[in-house]
Amino acid sequence: MSQTSSAPGKMILLGEHAVVFGQPAIAVAVNLRLRCRMEPATSSTLNGAPLSEISHSYVHHAIRLSGHEGPLALTTASEIPSGSGLGSSAAVSTSLLALLLSRRGSFSGEDVARKAFEVELAVQGRASPVDTSTSVHGRGVLIDNAPGENLLWRIQKDSREWYVHHCDVPRLTFVIGFTGIRASTGPLVAKVKRYHDRTVFARDIIQEIGQLTREGITRLRRGDAVGLGELMTKDHRLLTILGVSSPELDRLVSAALPDSYGAKLTGAGGGGSMIALTDRPKQVSEAIRLKGGIPYEVAIGEDGVRIEH
Ligand code: PMV
C-alpha cells in the first residue's frame, strides 16, 4: 500500500550562516510544498531511477538513519525549486523520514527533526538545524543558544547546541525572487567557516548578524514591517561582506527595494533566492521578473511535515 507525506519549504528571515556558529536565526515555512510517496517494491527507486548513494544522497542517508531495510519505490513532486535556498533538500529528508518513522505508528516531530539534521550533516559536512526544524514544525521557528518560552527541542552537535522554539508569525507579505542559479549549501558554509577561522573581522560580522537577529525577533513579534525590513537590508549587506551574495542576488535585491520595506538573500546564497518584505507584491514581482529572476508571492506560516490521508 502506498503512503504519502508532504513538507513545506522555508525562508530564513534573519541569521543564516551566523546560525551555524551558534547565533540566533528566524525562519518561516512557506506555502510551497514537497510531496513524497512511498510504495513497497522489488528494487529501490526514486522517481523511477535506481536509487544511488551519490546522486540521491539526502534520500540515501534518510533511509539509513531511519533503520529501514528493504527496497522502496519513492516518488517526489515538489513546488519548491531545488537548489534555491528555500529548503527543498530539508523537505525531502523530513517528508521521507516522517513516512519511514510512522510505519510503526505516529512519528514524533522531534525525532524527525533530529534525524533530518543528521542527514544534512552527513551530506553537507556542516549545518545548523534551521532548515530541517522549520520543515518539521512549519509556522515560524526561532533558533537560539539558550532555552526560552515555546521551546520545541534542543539539538546538539559536538560543542554546539541549538534551542529550537516555536515563533508566532504575524501577517506580513513576502515575495521570493529565485535567481534560477542552483547553489549548493555545503561549499558556501565551508567558505564562511574558513573566513571565520582566519579573521577577527569575519567573526565580528557574524556577531553583528546575531545582534541584528535578536532585534529582529522583537520587531517580528510586533508585526513591525518597517523595522524588520530595515534589519533585513542590513543583514544582506553583512552577508555580502561575508562573501555569500552574488551579482544576480544583488541585482534582485536592488530591484525589489524601491517597493519594499527591506530585501535580502535567503539561505546559503551564491545564487539561490532573495526575499523582499513588501505591501506591493505585484510591483516587486514585476521588478524581479524584469531583472531575470523568478518571483513567487508566498504565504508564510504554513503547516509543517504531515502524513497525507
Ligand atoms: O540550504 P539553504 O540554502 O536553505 O541554507 C541553509 C542556511 C545556512 O545557515 C547557510 C546553513 C545552515 O545549515 O544553517
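Residues numbered from 1 in each chain as written. Predicted model: local features only at pLDDT ≥ 70, side-chain atom pairs only at ≥ 80, totals over all residues. Heavy atoms only, no water.

Participant: I'd love a proper account of the overall build of the protein chain, names of residues and values included.
Facilitator: Helices and strands together make up the secondary structure of the protein chain, namely nine helices and 13 strands. On C-alpha atoms alone, the protein chain measures out to a radius of gyration of 18 Å, which is about the 19 Å that the 2.2 N^0.38 rule sets for 309 residues. The principal-axis extent of the C-alpha atoms belonging to the protein chain is close to 55 × 45 × 35 Å. Counting every position in the protein chain, which comprises 309 residues, the buried fraction comes to 56%. Once local pairs closer than 6 in sequence are excluded, the contacts in the protein chain between residues at least 24 apart make up 72%. Counting every atom, the protein chain has about 12,700 Å² of accessible surface; 49% of that belongs to carbon and sulfur. Each charge class in the protein chain can be summarised by its mean position, and for the 34 positive and 31 negative side chains these summaries are 2 Å apart. (Helix = DSSP H or I, 4+ residues; strand = E, 2+ residues; numbered from the N terminus. Rg over C-alpha atoms; globule rule 2.2 N^0.38 Å. Buried < 20%, exposed > 50% of the residue type's maximum accessible area, 1.4 Å probe, protein only. Contact = heavy atoms within 4.5 Å. Areas by Shrake-Rupley, 256 points an atom, 1.4 Å probe, with all protein chains shown as cover. Lys, Arg positive; Asp, Glu negative; His and termini not counted. Charge placed at Lys NZ, Arg CZ, Asp CG, Glu CD.)

Participant: Could you give an account of the domain arrangement of the protein chain, with specific residues and numbers?
Facilitator: We note that the domain assignment places domain 1 (3–169) and domain 2 (174–298) within the protein chain. A straight line from the C-alpha centre of domain 1 to that of domain 2 covers 22 Å. Domain 1 puts 28 residues into the contact, and the matching count from domain 2 is 40 residues. Counting the surface lost from both domain 1 and domain 2, the interface buries some 2,900 Å², and carbon and sulfur atoms represent 71% of this. Area buried by domain 1 at its contact with domain 2 is led by Leu14, His17 and Phe21, which between them contribute 23% of it. Here Lys264 and Glu16 are joined by a salt bridge, their closest N and O atoms 2.9 Å apart. Viewed at the interface, domain 2 and domain 1 are joined by eleven residue pairs in polar contact (both at pLDDT 80 or more). When contributions to the side of domain 1 that touches domain 2 are tallied by element, the ones reaching two or more residues are β1 (3–14) and β2 (25–40). Ranked by the residues each element gives to the side of domain 1 that touches domain 2, the list is headed by β2, at five residues. Its residues assigned to classes, the side of domain 1 that touches domain 2 comprises 16 nonpolar, nine polar and three charged. (Domains from an automatic or database assignment. Buried area = accessible area lost by both parts, 1.4 Å probe. Salt bridge = Lys/Arg side-chain N within 4 Å of Asp/Glu carboxyl O. Polar contact = N/O pair within 3.5 Å; in protein donor to acceptor, adjacent residues only side chain to side chain. Nonpolar A, V, L, I, M, F, W, Y, C, P; charged D, E, K, R; others polar.)

Participant: Now, about the sheet that holds strand β11 (residues 273–277): what can you tell me, with residues and values included?
Facilitator: Pairing in this open sheet of four strands is antiparallel, and the strands run β10-β11-β9-β12 from one edge to the other. Each edge of the open sheet is held by one strand with a lone partner, namely β10 (262–266) and β12 (294–298). Along the sheet, successive strands turn relative to each other by an average axial angle of 25°, direction set aside. With five bridges joining them, β10 and β11 adopt antiparallel strand pairing. Residue Leu265 lies in a different strand from β11, and its bridge partner there is Met274. Contacting β9 (174–178), β10 and β11, helix α8 (residues 247–256) runs over the sheet at an angle of about 15° to β11. (Pairing = 2+ DSSP bridges. Axes fitted to C-alpha atoms, helices over the stretch in contact; angles between N-to-C directions.)

Participant: Could you give an account of the environment of Tyr261, with specific residues and numbers?
Facilitator: On the secondary structure map, Tyr261 appears in the loop between α8 and β10. Note on Tyr261: relative accessible area 30%, which makes it partly exposed. Ignoring sequence-local partners within four residues, the contact set of Tyr261 consists of Ala225, Val226, Gly229, Glu230, Thr233, Leu277, Thr278 and Asp279. A polar contact is formed between the side chain of Tyr261 and the side chain of Asp279, at a distance of 2.5 Å.

Participant: Mind laying out unusual backbone geometry, listing which residues take part and the relevant values?
Facilitator: The residue His17 is not glycine, and still its phi comes out positive at about 65°. With respect to the helices and strands, His17 occurs in the loop between β1 and β2. For Asn150, which is not glycine, the phi torsion reads 65° and is therefore positive. Here Asn150 lies in the loop between β6 (140–144) and β7 (151–157).

Participant: Can you lay out the pattern of salt bridges for me, pointing to particular residues and giving the numbers?
Facilitator: This model, assessed by the stated rule, comprises 17 salt bridges. Where Lys10 meets Asp131, a salt bridge forms, and the shortest distance between an N and an O atom there is 3.3 Å. With Lys10 in strand β1 and Asp131 in helix α4 (residues 130–137), the pair connects residues that are 121 residues apart, well separated along the chain. In terms of burial, Lys10 and Asp131 fall into one category: buried. Salt-bridge contacts for Arg114 lead to Glu110; the nearest nitrogen and oxygen are separated by 2.6 Å.

Participant: Explain helix α6 (residues 200–221) residue by residue, including any values.
Facilitator: Between the first and last C-alpha of α6 there are 32 Å, a value that for 22 residues agrees with the 32 Å anticipated at 1.5 Å per step. Along α6, the residues that are buried comprise Ala202, Ile205, Ile206, Ile209, Gly210, Leu212, Thr213, Gly216, Ile217, Arg219 and Leu220. Buried positions along α6 lie against β1, β2, β6, α5 (185–198) and α7 (225–241). Following α6 by one or two positions, Gly223 has its phi on the positive side, about 65°. (Expected span 1.5 Å × (residues − 1).)

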